[in-house]
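Residue-level structure breakdown
Residue-level listing of the chains:
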Amino acid sequence: MPSLAMSSLQTRLSFTAQQISQFQAQGYLILENLLSSAQVERLIERFEPLFNTQFETGIYPDEWYGRPGLSEPNATQYMAGLWRCDRTTAAYALSSEIARLNATLMGWDGGRYGIDACWIKPPNAPEVSFHRNNTYTSVLDPSTIITCWIGLSHVTAEAGTLEIVPGSHQWTCADRVRFLHAPKDDYRASLWQAAKEAGVEQSEIVKVEIAPGSGVFLHGDLWHGSARNCTDKTRRSFAVSTLPAGTQFQPLGIGTGYIFNRYRNLMGDNLTLDESFYPILWTKDGYKTAFVDDYCRDAMAERFQKQIAPQTI
Ligand SMILES: O=C(O)CCC(=O)C(=O)O
């Protein structure tokens, strides 16, 4: 399993050529120790107030399932767009470093915020249907996204960890927007259909087992989902997705996707993504949307400083 290429002299993480080619060929890449255990704890601590409607900024999230006292006790707690509610989570969701890592793997010159989401699966939480994340970006041009999925607990096969199909980002097949949580049918049914369409006889399903704080980068066309949590412990993850910096909207009426379209500017023929909702986080030229540094710190920059000179912090 490749680990972080980081030494006491490096100020930033970098991928080796081998890691980049593995991502290109397989559609995923695992990086260990992306977050420290203190950072994992700090993120987890924020989830409880958020799911209890205590939003630091007073802003509600974009999407929210699994409410204490209202939903089934085993329902997956899912929330998207946490960065606008809470500045601790924003330090990860708007991290220039995560955006740079995501964009670099995709070969993009820059990256902007796409979506951030937590997936909290209590004991016996149900499955998540197999899907491709690019399916949910069809109102965007280009219609592509990359996700850095970070384990915040011991994400094991029994606990319903992320399941991925290596190489499936290259399949020629269709997908459609569907509700992903607690499917009534086989959660892999969409995968079997896609494999059939792509002429793949046997799909290899990899259950990503990583320690808390480690991450897996997912190409937007990679098929993935997750199984029921069959343990007595809660399984948690946080996903940070990045769009190419120059992403625009498709003309109105093209594509489907309820979250991105909500932030469309309806004045004139304006197809640009508003930087106050979709800040640019990293470009090769050094551009970054101005408000981000005032709004939150970059949790990853903080982590690297600690790696570089712990005695000076
Ligand atoms: O964490 C999970 O169970 C599913 C995550 C997922 O589908 C995603 O981040 O796109």
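Residues numbered from 1 in each chain as written. Predicted model: local features only at pLDDT ≥ 70, side-chain atom pairs only at ≥ 80, totals over all residues.

This part takes up the overall build of the chain. The number of helices and strands found in the chain is eight helices and 14 strands. On C-alpha atoms alone, the chain measures out to a radius of gyration of 19 Å, which is about the 20 Å that the 2.2 N^0.38 rule sets for 313 residues. Each principal axis of the C-alpha distribution contributes one length, and for the chain these read about 55 × 50 × 45 Å. Per-residue burial for the chain yields a buried fraction of 45% across its 313 residues. Long-range pairs, those at least 24 residues apart, make up 83% of the contacts in the chain with a sequence separation of at least 6. (Helix = DSSP H or I, 4+ residues; strand = E, 2+ residues; numbered from the N terminus. Rg over C-alpha atoms; globule rule 2.2 N^0.38 Å. Buried ≥ 20, exposed ≤ 12 C-beta atoms within 10 Å, placed from the backbone. Contact = placed C-beta atoms within 7 Å.)

Turning our eyes to something else, we now look at the site of the ligand. Around the ligand, the neighbouring residues are W119, V128, N133, T147, W149, L162, H224, S226, S237 and A239. Secondary structure elements with two or more residues in the shell around the ligand: strand 7 (146–151), strand 11 (224–226) and strand 12 (235–244). Along the lines of polarity and charge, the residues of the shell around the ligand split into five nonpolar, five polar and no charged. (Near = placed C-beta within 6 Å. Nonpolar A, V, L, I, M, F, W, Y, C, P; charged D, E, K, R; others polar.)

On average, residues of the chain score 92 in pLDDT, and 94% of them reach the 70 mark or higher. A low-confidence stretch, residues 1–9 stays under pLDDT 50, and its non-local contacts, those more than four residues away or across chains, total 19 contacts. Every residue in residues 308–313 scores below 50 in pLDDT, and together they form four contacts with partners more than four places removed in sequence or on other chains. (pLDDT = per-residue confidence, 0-100.)

With that settled, the discussion passes to unusual backbone geometry. Here D141 and P142 are connected by a cis peptide whose omega angle stands at 0 degrees. With respect to the secondary-structure elements, P142 resides in the loop between strand 6 (140–141) and strand 7. In the Ramachandran plot, N33 falls in the positive-phi region, its phi being about 55 degrees despite a non-glycine side chain. Mapping N33 onto the fold places it in the loop between strand 1 (28–31) and helix 2 (37–51). Of note, the phi angle at N124 is positive, near 70 degrees, even though the residue is not glycine. Among the structural elements, N124 can be located in the loop between strand 4 (110–121) and strand 5 (128–131).

This paragraph deals with the environment of L35. On the secondary structure map, L35 appears in the loop between strand 1 and helix 2. Assessed through the 22 C-beta atoms surrounding it within 10 Å, L35 is described here as buried. Counting along the chain gives 261 residues from L35 to C296, while the straight-line C-alpha distance between them is 17 Å.

Read from one edge to the other, the open sheet built from four strands follows the order 5-11-8-9, with strand pairing classed as antiparallel. Sheet topology places strand 5 and strand 9 (206–207) at the edges, where each strand pairs with a single neighbour. Note that strand 8 (residues 162–164) and strand 11 share three bridges and pair antiparallel. Among the inter-strand pairings, E163 is bridged to a residue of strand 11, identified as G225. (Pairing = 2+ DSSP bridges.)

This part takes up helix 2. Here helix 2 is 15 residues long and its end C-alpha atoms lie 22 Å apart, about the 21 Å a rise of 1.5 Å per residue gives. For helix 2, every residue scored as buried is listed here: Q39, V40, L43, R46, L50 and F51. Buried residues in helix 2, looked at end-on, bunch into an arc of 125 degrees, giving them a common side. In this structure, helix 2 carries S37, A38, E45 and E48 as exposed residues pointing more than 90 degrees from its buried face. In the segment just after helix 2, T53 is the residue with positive phi, at about 60 degrees. (Expected span 1.5 Å × (residues − 1). Arc of directions from axis to C-beta.)

Attention now moves to the nonpolar core. In this structure, V216 and F217 are the most contacted members of the largest nonpolar core, which totals 74 residues. A total of six residues in this core trace back to one element, the largest contributor, which is strand 4. Beyond its immediate stretch of four places on either side in the chain, V216 contacts Y28, L29, I30, W149, L162, V208 and I210. (Core = buried A, V, L, I, M, F, W, Y, C linked by C-beta atoms within 7 Å.)

Let us now look at the pairing of strand 4. Taking burial as the measure, the twelve residues of strand 4 include twelve buried ones, the bulk of the element. Relative to strand 4, strand 3 (residues 77–80) runs antiparallel, the two sharing four bridges. In the strand pairing of strand 4, Y78 is matched with W119. Where strand 4 and strand 14 (residues 280–283) come together, three bridges link them in antiparallel fashion. Of the residues in strand 14, the one forming a bridge with G111 is W282.

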